[in-house]
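A closer look at the structure
These are the residues of each chain, in order.
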Amino acid sequence: MGYPDRPGWLRYIQRTPYSDGVLYGSPTLENVGKPTIIEITAYNRRTFETARHNLIINIMSAEDFPLPYQAEFFIRNMNVEEMLASEVLGDFLGAVKNVWQPERLNAINITSALDRGGRVPLPINDMKEGVYVMVGADVPFSSCLREVENPQNQLRCSQEMEPLITCDKKFRTQFHIDWCKISLVDNTKQVSTFQEVIRGEGILPDGGEYKPPSDTLKSRDYYSDFLVTLAVPSAVALVLFLILAYIMCCRREGVIQLVHHSAIQKSTKELRDLSKNREIAWPLSTLPVFHPVTGEVVAPLPADAYDHTMKWAVGRAHQPRLVGKGDPFPGE
């Protein structure tokens with residue numbers, strides 16, 4: 001009442017809209033002596049009739065009923081709402097009492113395995129989420145409960161095998177306990193971890209109230225820092241740009257190749273013009289010849305074919321050639 005949500009120590013679970021809702025949890029020492037009022041509002045799904053009820057929870061200190069020896073069990077075949085049923089919880093406490101034999105035994109905390117980081121079980125074979133149940137007693141742990149601490153059982157737990165516990169048969173009929181996850185806490189042997197703070201190196205002395213700096217502090221000029229921050233990278237970038245431009249534009253081998261190619265074309269054109277203007281005798285290959293088989297006279301090559309042959313010869317003359325060791329040099 002008066003808050004948007006329940007207290008942090010109080011949980012609520014309801015599996016389906018038609019099943020019973022369960023409030024459960026364990027308060028802490030901070031909540032002792034403070035009555036907690038839970039405002040419950042319900043309505044009828046058919047008639048929409050609304051009802052409101054206030055549940056008052058009085059939290060008392062447990063120092064009058066000390067339970068220094070605490071054992072936490074993990075029950076695999078139960079859900080938290082099933083375990084909270086009075087008859088089921090009574091059967092479990094009765095089984096623990098037969099094994100432990102205490103004078104006073106109470107349930108301290110009940111928590112779902114999902115709240116401890118457990119995984120949601122698959123909806124097959126009626127698998128359960130599992131529930132942690134912590135109980136407290138006023139006498140030391142029995143030998144049966146301490147069997148899980150012996151080296152043989154610890155080794156079997158590390159190998160994911162079931163430990164050998166003699167009193168497991170007293171629980172097996174109704175409760176499947178994972179003995180590898182049992183936790184035994186003896187509060188009588190716990191030493192207080194509180195240590196008095198000794199002032200020394202690393203701890204500042206008490207300086208009193210904090211006094212902020214006055215408004216008369218001189219402002220700092222960041223203009224020079226700004227110029228240095230921008231000028232140096234800009235200068236380096238400009239130098240790199242000029243070097244790259246010189247390499248790309250002034251040191252290209254393609255320019256030399258284009259000039260050489262232009263000179264070759266110019267020389268070729270001059271040779272063609274000279275060959276057309278000069279008057280020379282036709283070569284022997286253009287004169288009439290006799291066919292070696294039939295003996296008939298074969299006509300000489302036409303003028304256009306001769307011109308094409310000359311062009312091909314000139315082109316071959318200016319074509320680059322690799323000269324190996326021992327080969328005649330072109331033109332010899």
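To keep things clear, this report deals only with the structure shown in the data block.

Rules used throughout
Residues numbered from 1 in each chain as written. Predicted model: local features only at pLDDT ≥ 70, side-chain atom pairs only at ≥ 80, totals over all residues. Heavy atoms only, no water. Disulfide = S-S within 2.5 Å. Helix = DSSP H or I, 4+ residues; strand = E, 2+ residues; numbered from the N terminus. Buried < 20%, exposed > 50% of the residue type's maximum accessible area, 1.4 Å probe, protein only. Phe/Tyr/Trp six-rings, centres within 6.5 Å; stacked < 30°, edge-to-face > 60°. Polar contact = N/O pair within 3.5 Å; in protein donor to acceptor, adjacent residues only side chain to side chain. Contact = heavy atoms within 4.5 Å.

A full pass over the atoms with the stated rule returns two disulfides. The disulfide bridge from cysteine 157 ends at cysteine 180, spanning 2.2 Å between sulfur atoms. Because the torsion about its S-S bond is -90°, the bridge between cysteine 157 and cysteine 180 counts as left-handed. With cysteine 157 in helix H3 (residues 151-158) and cysteine 180 in the loop between helix H4 (169-172) and strand E8 (183-186), the pair connects residues that are 23 residues apart, well separated along the chain. What makes cysteine 157 buried here is its relative accessible area of 19%. Residue cysteine 180 is classed as partly exposed on the basis of its relative accessible area of 33%. The cystine pairing of the protein, numbering bonded cysteines in sequence order, is 1-3, 2-4.

Within the structure shown, the criterion is met by nine aromatic pairs. For the ring pair phenylalanine 92 and phenylalanine 171, a centre distance of 6.2 Å and an interplane angle of 50° mean the geometry is tilted. Within this pair, whereas phenylalanine 92 is found in helix H2 (residues 86-100), its partner phenylalanine 171 is found in helix H4, the two being separated by 79 residues in sequence. Each of the two residues, phenylalanine 92 as well as phenylalanine 171, counts as buried. Ring plane angle 25° and centroid distance 5.2 Å describe the contact between tryptophan 100 and phenylalanine 141, whose orientation is recorded as stacked. Taken together, the residues span a long stretch of sequence, with tryptophan 100 in helix H2 and phenylalanine 141 in the loop between strand E7 (131-137) and H3 at a distance of 41 residues. Like phenylalanine 141, tryptophan 100 is buried. Ring-pair connections join several aromatic residues into one group, and the members of that group are Phe73, Phe92, Phe171, Phe175 and Trp179.

Of note, the phi angle at phenylalanine 48 is positive, near 60°, even though the residue is not glycine. Topologically, phenylalanine 48 is positioned in the loop between strand E3 (36-43) and strand E4 (50-57). On the basis of relative accessibility, which here comes to 59%, the residue phenylalanine 48 falls in the exposed class. The backbone of glutamate 160 shows a phi angle near 60°, a positive value even though the residue is not glycine. Inspection of the secondary structure puts glutamate 160 in the loop between H3 and H4. By relative accessible area, glutamate 160 is classed as exposed at 77%.

Mapping aspartate 178 onto the fold places it in the loop between H4 and E8. In terms of polar contacts, aspartate 178 uses its side chain to reach the backbone amide nitrogen of cysteine 180, at 3.2 Å. Non-local contacts of aspartate 178, meaning those with residues more than four positions away in its chain, are made with Phe74 and Arg76.

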